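# An overview of the molecular structure
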Amino acid sequence: MEASLRNKRRTIVIGAGLAGLAAANSLQDAGHEVIVLEARDRIGGRIWTSTKWSDVPLDLGASWIHGIQGNPLTVLANNLKATRVATSYNRTITYSANGTQLTDAEASLLNRIREDVSIALQQAQHQEADQSVRAAVQKLATSTETAQLLNFVLSSDFEHEYGGSAVDLSAHWYDDDDTFAGDDVLFTQGFSVITDYLAQNITIKTSQVVKEIHWQDLEVSVISQDNRYITDSVVVTLPLGVLKSNAVVFVPALPTEKQNAIAKIGMGVLNKCYLRFEEAFWSADNDWIEYISPTHGEWIEWINFLRIAQKPILLGFNAAEFGREIEDYTDNQVVERAMHVLRAIFGSHIPDPLDYQITRWMHDPFARGAFSFNALGTTPALRDVLAQPLANRLFFAGEATSRAYFGTAHGAYLSGLRAAKEVGAG
Ligand SMILES: Cc1cc2nc3c(=O)[nH]c(=O)nc-3n(C[C@H](O)[C@H](O)[C@H](O)COP(=O)(O)OP(=O)(O)OC[C@H]3O[C@@H](n4cnc5c(N)ncnc54)[C@H](O)[C@@H]3O)c2cc1C
């Protein structure tokens, strides 16, 4: 049918992650004809609940609603009556490099370094020239012991939070985001309950790898490996890592300022490794198990599923440089390195795991990283440039386009609603 004879505006949404599903729902509710094109054979994107272990769904992408108060995902979870469990940093146990629980003296030195890092970064934020988080705090590494503790703080409080390496995070802007108050909660049935819910009434074509977007004419054509789709407008929710890779060609090319934003905003790494044991050799008391690794960033944070899901499962996280490095390891090597740390903490007698689940988000061609961060050389305004619509035909959403909530599931969701409004919903 000719576009002029149509009474519904056609929109194609690229990507069935949270941003794309939020946009699609909103546009469809507003009377648009919407199709979502998704490269993978599953929906959800960086929301991905694994059912490999049938008795316990586990999230390989996002796990938490960070800050439940006022968070739009809380509203969706409440509508669904999805069961959730709060985790707390108050239930943390920290082990030193030699595997013993931190003594009071070591714990207070760690606290002092945390405070000094915070002061050094406040000072850096008052200086005219930006520098990396690492450069701003490096003076605190005055001995082998403080250097090790500093590395731990940089890993746990910055690299795991933002995905970028401390040498890449901007001291001025790394934390230029907003947060919701309240608990952090995990979904007992996995985060996919939210994306499945949002996908219910939407037309989604999976296994459609978009290769080209032609937006020079009045109509836009979107070309996948085996189809050409003609539409009035497109909402692009491609992850920043995919945009950086130029795997999708825009014709004409995106304006220079948008290309500049894509190049400068950082794409971070966070990987997960679930280990399942015959039985637990650790206590159910803590949510978090921390390890002051002798080597920067290696296996410093674990989540305890014995308390959360009553299962003998530990989840180890690795971010930034080490998170990237282990993507090249074989599964056996990853597990071996993880067990080396667990044996340092719990003793050489502990058994190997029965099974494991390992992510490699950087190598994933449809993510190419975990989430975006404010890199040295970025300003927060670049996210607005990334979000800016073009020619009233090309619209942009996805976590990286969210200036206030980048790197989060709620940021992705809100960006989809924003883009839908720009297209003309609501
Ligand atoms: C390990 C990890 C842990 C995280 N933990 C949390 C957390 O606890 N809490 C939190 O709030 N956030 C967390 N996040 C971040 C959160 O998952 C993301 O911010 C959010 O899911 C991104 O949604 P999106 O819609 O912007 O992108 P995506 O979910 O990546 O959606 C984009 C979609 O585009 C598709 N696509 C890519 N290329 C093409 C193509 N060529 N053609 C067609 N489709 C394509 C992808 O397959 C994908 O489905 C985590 C992320 C990771 C990776």
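Above this note sits the structure.
Residues numbered from 1 in each chain as written. Predicted model: local features only at pLDDT ≥ 70, side-chain atom pairs only at ≥ 80, totals over all residues. Heavy atoms only, no water.

## Overview of the site of the ligand
Formally: Nearness here has a simple test: a residue counts as near a molecule or strand if at least one of its heavy atoms is within 4 Å of that partner. By the criterion applied in these results, polar contacts are pairs of N or O atoms within 3.5 Å in which, for protein atoms, one can donate a hydrogen and the other can accept it, and in which residues neighboring in sequence qualify only through two side-chain atoms. Note on areas: these come from Shrake-Rupley sampling with a 1.4 Å probe, and a residue is covered only by the protein chains present in the view. Secondary structure elements follow DSSP: runs of H or I of four or more residues count as helices, runs of E of two or more count as strands, with numbering from the N terminus.
Neighbouring the ligand are 39 residues; E38, R40, R46, W64 and A409 lie closest to it. Within the contact set of the ligand, an oxygen atom lies 3.3 Å away from a backbone nitrogen or oxygen of L18. Take V210: an N or O atom from its main chain is 2.9 Å from a nitrogen atom of the ligand. In the complex, 98% of the free accessible area of the ligand, which totals 1000 Å², lies under the protein chains. Put simply, the parts of the chain that give the shell around the ligand at least two residues each are α1 (18-29), β5 (64-66) and α13 (409-423).

## Comments concerning the pairing of strand β2 (residues 33-37)
Quick reminder of the rule: Any two strands with at least two DSSP-identified bridges between them are counted as paired. Orienting the strands away from the viewer, one traces the path from the first strand over the helix to the second; a clockwise path indicates a right-handed crossover.
Summarising the sheet, strand β1 (residues 10-14) and β2 pair through five bridges and their orientation is parallel. Across the sheet, residue I12 finds its bridge partner in β2, namely I35. Traced from β1 through α1 to β2, the parallel crossover comes out right-handed. Where β2 lies against strand β9 (residues 203-205), three bridges are found, and the strand directions are parallel. Directly across from I35, in β9, lies its bridge partner T203.

## Quick word on the packing of aromatic side chains
Put simply, the rule is: Any two of the Phe, Tyr and Trp rings considered here, Trp counted by its six-membered ring, make a pair once their centres fall within 6.5 Å; the pair's planes then place it as stacked at under 30 degrees, edge-to-face at over 60, or tilted in between. In this scheme, a residue with accessible area under 20% of its type's maximum is buried, one over 50% is exposed, and one in between is partly exposed, where area comes from a 1.4 Å probe on protein chains only. Two thresholds decide whether a charge sits over a ring: the Lys NZ or Arg CZ must be within 6 Å of the ring centre and within 35 degrees of the ring normal.
Scanning the entire structure with this criterion turns up 19 aromatic pairs. Between F277 and F281 the ring centres are 4.8 Å apart and the planes differ by 80°, which places this aromatic pair in the edge-to-face class. With 5.4 Å between their ring centres and 20° between their planes, W299 and W302 make a pair best called stacked. Judged by its relative accessible area of 1%, W299 falls in the buried class. Exposure remark for W302: the relative accessible area of 0% places this residue in the buried category. Chaining the aromatic ring pairs together yields one cluster made of Y95, F277, F281, W282 and F346. Looking at R383, its charged tip hangs above the ring of F406, at a distance of 3.9 Å from the centre.

## Section: the pattern of salt bridges
The cut-off we apply is this: Whenever Lys or Arg places a side-chain nitrogen within 4 Å of a carboxyl oxygen from Asp or Glu, that contact is recorded as a salt bridge.
Evaluation of the coordinates by the stated rule reveals 17 salt bridges. Of the charged contacts, one joins D55 and K311 as a salt bridge, the two residues approaching to 3.8 Å between their closest N and O atoms. Residue D55 is found in the loop between β3 (49-50) and β4 (58-59), and its partner K311 is found in the loop between α9 (305-308) and β19 (313-319); the two are separated by 256 residues along the sequence. In this structure, D384 engages R403 in a salt bridge whose closest nitrogen and oxygen atoms are separated by 2.5 Å. Of this pair, D384 sits in helix α12 (residues 381-387) while R403 sits in the loop between β22 (394-396) and α13; the two residues are 19 residues apart in sequence, bridging distant segments of the chain.

## Considering the environment of Q123
By the secondary structure assignment, Q123 is in helix α3 (residues 104-126). Q123 gets classed as partly exposed once you look at its relative accessible area, which sits at 43%. Remark: the alpha-carbon pair of Q123 and A136, spanning 13 residues in sequence, is separated by 8.5 Å.

## Comments concerning the sheet that holds strand β12 (residues 228-231)
Counted only if it meets this: Orientation is described by axes fitted as lines to C-alpha atoms, over the contacting stretch for helices, and by angles from 0 to 180 degrees between their N-to-C directions.
Pairing is mixed in the open sheet, where four strands are placed in the order β12-β11-β10-β14. The two strands at the open ends of the sheet, each matched to only one other strand, are β12 and β14 (249-251). Each strand of the sheet is rotated relative to its neighbour by a mean of 15°, with strand direction disregarded.

## Here we look at the sheet that holds strand β6 (residues 84-87)
With respect to topology, three strands assemble into an open sheet ordered β5-β8-β6, the strand pairing being antiparallel. The outermost strands of the open sheet, each flanked by one partner alone, are β5 and β6. On average, each strand axis in the sheet is inclined to that of its neighbour by 30°, with strand direction left out of account. In the sheet, β6 pairs with strand β8 (residues 184-187) via four bridges, with the strands oriented antiparallel.

Treat this as a map of the structure, not an account of what it does.
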